[in-house]
Each structure stands twice: as structure tokens, then as C-alpha cells.
Amino acid sequence: MAVMDAQSATTGPAGLIARLRGKLAGGSSEASLTRRLAGTIFLIRVISAGLAYVSQVLLARWMGTSDYGIYVYVWTWVLLFGSMMDFGISASAQKIIPEYRTSGELALLRGFLAGSRWLTFAASTMMSLALAGIVRLLSPWIDPAEELPLYIGCMTLPAFVVANTQDGIARSHDWMQLGLMPQFIIRQALIIGITACAFLLGYHLGAVAAMVASAGAVWIAMAGQMLVLNRKLADHIEPGPRTYDIGGWLTVSLPILLVESFYLLLSYTDVLVLQQFRSSEEVGVYFAVVKTLALVSFIHYAMSATTAHRFAEYNALGDKARLSAYVAHAINWTFWPSLAATIVLLALGKPLLWLFGPPFVVGYDIMFVAAIGLVVRAAIGPVERLLNMLGQQKVCALAYALAFVMNVVLCVALVPRFGGHGAAAATSIALTFETVLLFWIVRQRVGLHVLAIGK
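The text that follows walks through the structure, step by step, so that each part is easy to find. The shown structure was predicted, so the numbers you read here are calculated from the model rather than taken from an experiment.

**Things to note about the overall build of the protein chain**
Right, so step 1: Looking only at helices and strands, the protein chain features 16 helices and zero strands.
Right, so step 2: When each of the 455 residues of the protein chain is scored for burial, the buried share is 54%.
Right, so step 3: The contacts in the protein chain between residues at least 6 apart in sequence include a share of 82% that link residues at least 24 apart.
Right, so step 4: Element-wise, carbon and sulfur atoms account for 70% of the exposed surface of the protein chain, whose accessible area totals about 18,900 Å².

**Details of the nonpolar core**
As a rule of thumb, soluble globular proteins bury nonpolar side chains together.
Right, so step 1: Residues Tyr-68, Tyr-71 and Phe-356 are the most contacted members of the largest nonpolar core, which totals 67 residues.
Right, so step 2: Per element, the largest residue contribution to this core is 15 residues, and it comes from helix α2 (residues 29-82).
Right, so step 3: Split by domain, this core shows at least three residues from each of two domains, domain 1 (33-244) and domain 2 (268-454).
Right, so step 4: In this structure, Tyr-68 is in contact with Gln-56, Leu-59, Ala-60, Met-63, Gly-284, Phe-287, Phe-356 and Phe-360, ignoring residues within four places of it in sequence.
Right, so step 5: In terms of nonpolar packing, the next biggest core, distinct from the first, is built from 57 residues, Ala-170, Trp-249, Ala-378 and Ala-397 among them.

**A closer look at a nonpolar patch on the surface**
Right, so step 1: On the surface, Ile-134, Leu-137, Leu-138 and Trp-141 cluster together into a nonpolar patch covering about 490 Å² of accessible area.
Right, so step 2: Structurally, Trp-141 is set in the loop between α4 (106-137) and α5 (144-172).
Right, so step 3: Using a relative accessible area of 68% as the deciding quantity, one classes Trp-141 as exposed.

**A closer look at the pattern of salt bridges**
Right, so step 1: Evaluated as defined, the whole model comprises five salt bridges.
Right, so step 2: Here Glu-99 ties to Lys-95 by a salt bridge, and the two come within 3.0 Å at their closest N and O atoms. In this pair, Glu-99 and Lys-95 both sit in helix α3 (residues 89-103), four residues apart, roughly one turn of the helix.
Right, so step 3: The exposure class of Glu-99 is partly exposed, given its relative accessible area of 29%.
Right, so step 4: Judged by its relative accessible area of 10%, Lys-95 is buried.
Right, so step 5: Ionic pairing is found between Arg-377 and Glu-384, a salt bridge with its closest N-O pair at 2.4 Å.

**A few points about the packing of aromatic side chains**
Right, so step 1: The tally for this structure, following the rule as stated, stands at eleven aromatic pairs.
Right, so step 2: Look at Tyr-68 and Phe-360: their rings are 6.2 Å apart centre to centre, the planes differ by 80°, and that puts the pair in the edge-to-face class. Of this pair, Tyr-68 sits in helix α2 while Phe-360 is found in the loop between α12 (349-354) and α13 (364-378), placing the two residues 292 residues apart along the sequence. In this structure, Tyr-68 and Phe-360 share a single accessibility class: buried.
Right, so step 3: Here the aromatic rings of Tyr-364 and Phe-368 are separated by 5.2 Å at their centres, their planes lie at 85°, and the arrangement is edge-to-face. Taken together, the residues span about one helical turn, with Tyr-364 and Phe-368 both in helix α13 at a distance of four residues.
Right, so step 4: For Tyr-364, a relative accessible area of 15% puts it in the buried group.
Right, so step 5: What links up through ring pairs into an aromatic cluster is the set Tyr-68, Phe-356 and Phe-360.
Right, so step 6: Lying over the aromatic face of Trp-175, Lys-232 brings its terminal NZ or CZ to 4.8 Å of the ring centre.

**What to know about unusual backbone geometry**
Right, so step 1: The phi torsion at Phe-87 lies on the positive side, around 65°, for a residue other than glycine.
Right, so step 2: Position of Phe-87 relative to the elements: it lies in the loop between α2 and α3.

**Digging into helix α16 (residues 420-445)**
Right, so step 1: Helix length check: α16 (26 residues) gives 37 Å between terminal C-alpha atoms against 38 Å at 1.5 Å per residue, within 8%.
Right, so step 2: Phi for Gly-447, located one or two positions after α16, is positive at around 80°.

**Considerations on the packing of α3 against α5**
Right, so step 1: Viewed as axis vectors pointing N to C, α3 and α5 meet at an angle of 35°, and their least axial separation amounts to 8 Å. Read as a crossing pair, α3 and α5 show a hand that is right-handed. Taking contact as the criterion, the partners of Ile-89, Ser-90, Ala-93, Gln-94, Ile-97 and Arg-101 in α3 are, on α5, Asn-164, Thr-165, Gly-168, Ile-169, Arg-171 and Ser-172.
Right, so step 2: Each residue belonging to the contact of α3 with α5 can be placed in one class, and the counts come to four nonpolar, six polar and two charged.

About the criteria used
- Residues numbered from 1 in each chain as written.
- Predicted model: local features only at pLDDT ≥ 70, side-chain atom pairs only at ≥ 80, totals over all residues.
- Heavy atoms only, no water.
- Helix = DSSP H or I, 4+ residues; strand = E, 2+ residues; numbered from the N terminus.
- Buried < 20%, exposed > 50% of the residue type's maximum accessible area, 1.4 Å probe, protein only.
- Contact = heavy atoms within 4.5 Å.
- Areas by Shrake-Rupley, 256 points an atom, 1.4 Å probe, with all protein chains shown as cover.
- Core = buried A, V, L, I, M, F, W, Y, C linked by side-chain atoms within 4.5 Å.
- Domains from an automatic or database assignment.
- Patch = residues over 30% accessible without salt bridge, like charges linked within 9 Å, V, L, I, M, F, W, Y side chains within 5 Å.
- Salt bridge = Lys/Arg side-chain N within 4 Å of Asp/Glu carboxyl O.
- Phe/Tyr/Trp six-rings, centres within 6.5 Å; stacked < 30°, edge-to-face > 60°.
- Lys NZ or Arg CZ within 6 Å of the ring centre and 35° of its normal.
- Expected span 1.5 Å × (residues − 1).
- Axes fitted to C-alpha atoms, helices over the stretch in contact; angles between N-to-C directions.
- Left-handed = near helix turned anticlockwise from the far one by under 90°.
- Nonpolar A, V, L, I, M, F, W, Y, C, P; charged D, E, K, R; others polar.

So this is what it looks like as C-alpha cells:
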């Protein structure tokens, strides 16, 4: 079955409009559905980015650069640990669920839909308590202004982890709005609402108050998502016995966890190292730059979230031609929109940074350095999800591990002297190295060309 669109040979304005419409909505069912779902995800992420931007701008102005830098530092730890504590199940759900459905193993499917959430909640709760104990032990060496926000961050983690797991389950059923809106729209709206109320009521809005608002938003959004997801699953899957193959889930998930963990470490190393060598004010400026460029990474995220379970499905069916065409489609719809978004953001960078406050405009030059890595990475599309879904998790994890080590070494070497510029340069070099590795691995292991340019 052909996956790519057939283009009509029309000319003139009417033909251009027809071709554009065909690109966005036409073609085969797989390509059309992928674009619609990816468009939905991207729209959600763009709205989320707008809300996040508003919240970060307000927090930066209300809190000042020092408290804002502390909040960013602690929230980065929450994002890092929260995305790793699910053992990779939020990502492996997009492999496990399609395989259970394809093989008709409904008892295992029902067991996974319920058991995966209980497993991640119990494990993340225990690990959060352990992290709180570590904060306590290290308190003599921790900045007193960071200690209480770190404890609040530990309280946030279980809900954050369960929300990620539910996101993976929802996306595996093509329920993109249910998977993403609670985390990216409802949560951001709650953070804005809670902090705005505190500010208007005259409370001091420091790092502690901001973390309390963020923790409350995470728990409320997760609980609401759980109620809706349970109702939809009850309507979608008939009741029956459940089988819990926890060992099998972890066998699939743990290698993916390695990939996801090294990817996350690669993503957050710059902020964490910057905090160790530079002031909280400089961390806040750098984070504002990262937030401004977030739109580019949202495109990559949208295609990854949409395509992963279909990679697994086509591979399970043994349809190599369909898989190859679908991969090429995903890469093109990742790279070209990412390139366009980067150009627009760089053109508007100064006024966007000014929204955070006049001191943040000094980070404009950093945007150009940071953008290089994002554009290069987009050139191969969501191939890390392809490798994960095709059973190549270990070699993919190795590629990410090497890129992470390179990023740490470069950050430690460049950040003390060059600050945010050094952090951005280190990350862009590491992302470029990672892109070359992934391209070579897919070419050797899967036999596919995964570059937006060339054949």
C-alpha cells in the first residue's frame, strides 16, 4: 500500500491551493491520519508553549531573576527525574499496546492498562521518599533557598510519573488530546491561575510559592486525566480477566528507559551545569532562551508521539515497504516545519526575550548557537522512536550515552568561561554528534535512509 500522497498536475492559484489542501488532509489514510494527529499534538504544544511562556514571563517578573533561577533549577530536576521514574513504560506503551492488540492478547492488554499505572505510582513514591532523604543528607551543602523547593519537587514526582504513563496509554489509542492536554494545557493554566491569585492576594511569590503552585497543578491535572482515561478505556475494551506480565513489560521498557534517560540528561545537562558555575540570574536568562526556542522541539515531539506506535504496528505486520514510506513521511514533516519555525523565532527573538524583562534580552545571541543543534537534530526526524519500536533500544541508548558524555565534558569545559554561550555550544555539538550516530545506526541496522535531504 502506498503511503505517500499523489499530487495532481494542476497549475495556477487554484492548483496551488488544491495541492496545499492535499498535503495537509489528503493522501492515504495513514499519512492523512498522521498529519492530523501530529497537527493536533503540535497545536496542543503551541498553546501549551503560549501558556508556559505567559507563566514563565509572569513568574520572572513577579519573582525576580534570583528566585526565578532557583525555581527553574528545581523544576528542571522534577522534569528530569519525573520523566525517568516510569521505567520507560510511558514510551514502551506505544510498543506493548499495539502488539497486544495485534495478537489479540486482551487479558495481557487489560493487565497492562491497569497495572502499569499502579507499578509506576508505587515505584515513583518510594524513589521520591529516597530523594527527599538525599536532600536532607546534603542539606549542609545545599543553598538554604533551594532546600524547601527541592522537598516540594519530591512531592510532585509521583503524580508527574503517573501522568506520563497515562499519556503513553492515551497516545497508543490515538487519544492525543487526552494524553497531552492535562499535562501541557490544564497544568500550565493551573500554574498561572494559582500564582496569579497568590500575587493578587499579596503573598510573596518566591521559589517556594511557585513550586507549591506547580505541585498542586500536577496533581490536579493527573487526577482529572485518570478519571477520563478510565471511562474511555471502559468503553473501548470489554471487561474480562487481567494478566500482569511485569517481567515482560520491564524487559521491553528498561532498554527504552536507557534511551529516554540519556536523552533527558542530554536535554537538561546545560541548565544543571550552568547552575553549578554561574549565578541564578544567568540560569534564568538561559532558560528563557530555551523556552523561546521550544517551538522547534515541539514539532519533533509531535511527530514522535504520533508515529511511534505505528512503527511498532507496521513492524509487527512485517510490512517493510509501508514502514519505509512512513518513516520518510515522518522525517519530512519534522525537518521542514522545524527549519521554518527556527527562522521565525530567530527573527523575533529580541522582542520575545524582552517579554521576560529587559535583562533577559542579553540572551539573544545564545539563541543562534542553541538553534543549530535543534535544526540538525530535526533533519533525521523521530528515528530514536523507530529504533525503540524495532527492538534496537540498546544501540540507540549507546548513541545517546555517548552524546550525553560529550555534552557533560563540553559543558564543564565551556560553561565556566563562556556561560550560557558555552552551554548552548556544548549542547549543539552533542546533538550534531548524536544525529550522525543515529543516522549511521539506522542505515546499518534497519537499512533505511533517514535524512530529510538526499536519498
